[in-house]
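The chain contents come next:
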Amino acid sequence: MTVQIDHALEEIRRFRPSPEFAAQAVADEHLYEDAAADRLGFWADQARELLTWSTPFTQTLDWSNPPFAKWFHDGELNVAYNCLDRHVEAGLGDRVALHFEGEPGDSRSITYAELTAEVKRAANALLTLGVQSGDRVAIYLPMIPEAVIAMLACARIGAVHSVVFGGFSSKSLQSRIDDAQAEVVITADGGYRKGKAFPLKPTVDEAIEAAETTVRSVLVVNRTGDDVAWVDGRDVSWSEQLAAADAEHEAQGFNAEHPLFILYTSGTTGNPKGILHTSGGYLTQTAFTHKNVFDLHPERDVYWCTADVGWITGHSYVVYGPLANGATQVLYEGTPDTPHPGRWWEIIEKYRVSILYTAPTAIRSFMKQGRDVVRDYNVRSLRLLGSVGEPINPEAWIWYRHVIGGGSIPVVDTWWQTETGAIMISALPGITDLKPGSAQVPVPGISIDIVDDEGTPIEGEGGGLLTITEPWPSMLRGIWGDPERFKETYWEKFGDKYFAGDGARRDEDGDIWLLGRVDDVMNVSGHRLSTAEIESSLVAHPWTAEAAVVGASDEATGQAVVAFVILKASQADQVTDIGAASDELRKHVAQQIGAIARPRQVFIVNELPKTRSGKIMRRLLRDLAEGREIGDTTTLADTSIMQVISEQVK
Ligand code: WT7
């Protein structure tokens, strides 16, 4: 392994776009020139070209009350109409929108006409349940077409969806229902994962039971056919409700700044933040980036983004961007290795997928399996590969291009966040010379600076903090119910620039390299987790006195959660075996938050390293967890403490 890593560090190859690719590329140099000449004019042009407005806008950006931006705000549009009806009206009703592939092997292809019809019925079903424009609807579903239909049905009637990833616990779901005051939940009996049906409805029942908000209705999709408890008067069958609903629904325009969705993501405190996105600007930038970064030719491409709709990648690059662009895409319910390790390549062969968008953690797990698994399938339909979620190490980049891509097709590494709504930094295929490991350049119309701690831009080569210096169309409009936290988290550090929370470096060519989070946010398999949230979950366990959590680098998942826990002396008789105690605590976190938050390791210790003012020095714990020599301990209250902890961790 070490040898390969050394090799990757020396990776200095650059990959020119092939003349054939460049000749057919959607993006061209003019995008950069136009955006540089007139940034707002450029975005206004994109909004007019890519979207259909029921009332055209006359003003592009209102930034009179920063950091609260309004884009295209005197215009009106219907987001679902833009993703559906207009394609049907343009004669593309027979084009497949979704090739759905269930984990057990069931599949169904849904055309734009069919998807439009389903969304109309679902919209009417929600209206029948009393859902009004501006109401919040929680969606807790597996990766099935109904998830897409439910989101678009909300958008169609101006309701605000809050999708909660199906892997989250009832407690996580409950806190999200309460924070958004969602009165309707859309769920399923269950879904399929790793060859088994997993239940969802019981989790919803539990969450609603514990919630402060009164949930009026629960729409239940029948996916696994398993028996579920039914609350009369509250629970409604999705299929029955849709069958009874009116088939016609005329989409009405909403203001460009009408809220589209809330999506919760981890921050530096214990409570997830409800990131709020609105309509016109969000759809403009997701459509623009989806078309240009993925070189989309909707008439011939089959696109597959492997993200779950529970994450922002699923919102922007499974639902809104691709459907606004009239793309044909694959929607896969399950895990990459079920029922066999070649499942993804089998799907690519079956649907002749031409564009694949996935995460480095998946690529690294395929690398571990070896290239033979891929070789059993014909994946030569692929012509473009994308990466997202965490830095892609050059070694994985090269493997992706060679083994999956056959050695000649572009790989684009895309940097963005839940908050940015859409891709912000990426090469444009056909234009940019590709550089493995670097996200490279801001997309046209986006202004990025790398700054030092005081906010002074670093000119030329050098490292610092990543900031966004101008408002962008798909930017978050705030944190749901907490405008102060919005200002504090992103805008207070540098006043007029958006602080992303990532470290970054610019190289001698001006290309940007992402260096990971600089705050207490971890990135495990491309998913964001907060140290504070996991710590508070650990101390909620009756055995725990104190806990400290760090993200330690991990070959497979990028980072892994490592916890250090001091047990309560009063509970000592409960804990007979340290190994069992640590397992119990790992399980506890998985139950409280969700399986993705389960610590890789929980070390039971007697002390935590603290400064004289009592602040835990997580940096030293990270050194320990990563097996490095312990850094500077001079600011510790007791400088010998790390020695003691190291002994206990052995
Ligand atoms: C954080 C955002 C954007 C969708 C998935 C994650 C990290 C994301 C990259 C990349 C290096 C990346 C950053 C960012 N990140 N993409 N291409 N290279 N780092 O969305 O959960 O909001 O997390 O993911 O640290 O801040 P998210």
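These numbers were taken from a predicted model, which means no experiment stands behind them.

Draft legend 1. Representation of the pairing of strand β27 (residues 527-530). Here β27 shows no split at all, with His527 and Leu529 on one side and Arg528 and Ser530 on the other all buried. Inspection of the sheet shows strand β26 (residues 521-524) paired to β27 by 4 bridges, in the antiparallel sense. Residue pairing for β27: Val524 is matched across the bridge by His527. In this structure, the hairpin formed by β26 and β27 is closed by a connection of 2 residues, where Ser525 is found at a positive phi of approximately 50°.

Draft legend 2. Geometry of the confidence of the model for the protein. For the protein, per-residue confidence averages 95 on the pLDDT scale, and 98% of positions sit at 70 or higher. Counted against residues more than four places away or in other chains, residues 1-8, with its pLDDT under 50, gives 5 contacts. The ipTM for the predicted assembly is 0.99, set against a pTM of 0.94.

Draft legend 3. Structural view of helix α9 (residues 170-180). Of all 11 residues that make up α9, 9 are buried, and the element is covered over most of its length. Taken as a whole, α9 has its buried residues at Ser170, Ser172, Leu173, Gln174, Ser175, Arg176, Ile177, Asp179 and Ala180. Looking at the packing, one finds that the buried side of α9 touches β6 (136-140), β7 (160-163), β8 (184-188), α10 (201-210), β14 (259-265) and β15 (273-278). Positive backbone phi, approximately 50°, marks Gln181, located one or two places after α9.

Draft legend 4. The arrangement of unusual backbone geometry in detail. Residue Pro67 is reached from Pro66 by a cis peptide bond, and omega for that bond is 5°. With respect to the helices, strands and loops of the structure, Pro67 is situated in the loop between β1 (61-62) and β2 (70-71). The omega torsion of the bond from Thr338 to Pro339 falls at 0°, within 30 degrees of zero and hence cis. A positive phi angle, near 55°, is found at Phe72, a position not held by glycine. By secondary structure assignment, the location of Phe72 is in the loop between β2 and β3 (76-77). C-beta crowding within 10 Å serves as the criterion here: with 30 such atoms nearby, Phe72 is assigned to the buried category. Of note, Ser525 is a non-glycine position whose phi angle comes to about 50°, a positive value. If you trace the backbone, Ser525 turns up in the loop between β26 and β27.

Draft legend 5. A look at the nonpolar core. Counting residues in hydrophobic clusters, the biggest one holds 159 residues, and the most contacted among them are Ile139, Ala150, Met151, Leu152 and Ala153. At 10 residues, the largest contribution of residues to this core is made by helix α8 (residues 145-157). Among all residues touching Ala150, those that are not within four sequence positions of it are Ala122, Ile139, Leu141 and Ile186. Counting 33 residues, the second largest nonpolar core, distinct from the first, contains Ala560, Ala563, Val589 and Leu624.

How each quantity is defined
Residues numbered from 1 in each chain as written. Predicted model: local features only at pLDDT ≥ 70, side-chain atom pairs only at ≥ 80, totals over all residues. Buried ≥ 20, exposed ≤ 12 C-beta atoms within 10 Å, placed from the backbone. Helix = DSSP H or I, 4+ residues; strand = E, 2+ residues; numbered from the N terminus. Pairing = 2+ DSSP bridges. pLDDT = per-residue confidence, 0-100. Contact = placed C-beta atoms within 7 Å. Core = buried A, V, L, I, M, F, W, Y, C linked by C-beta atoms within 7 Å.

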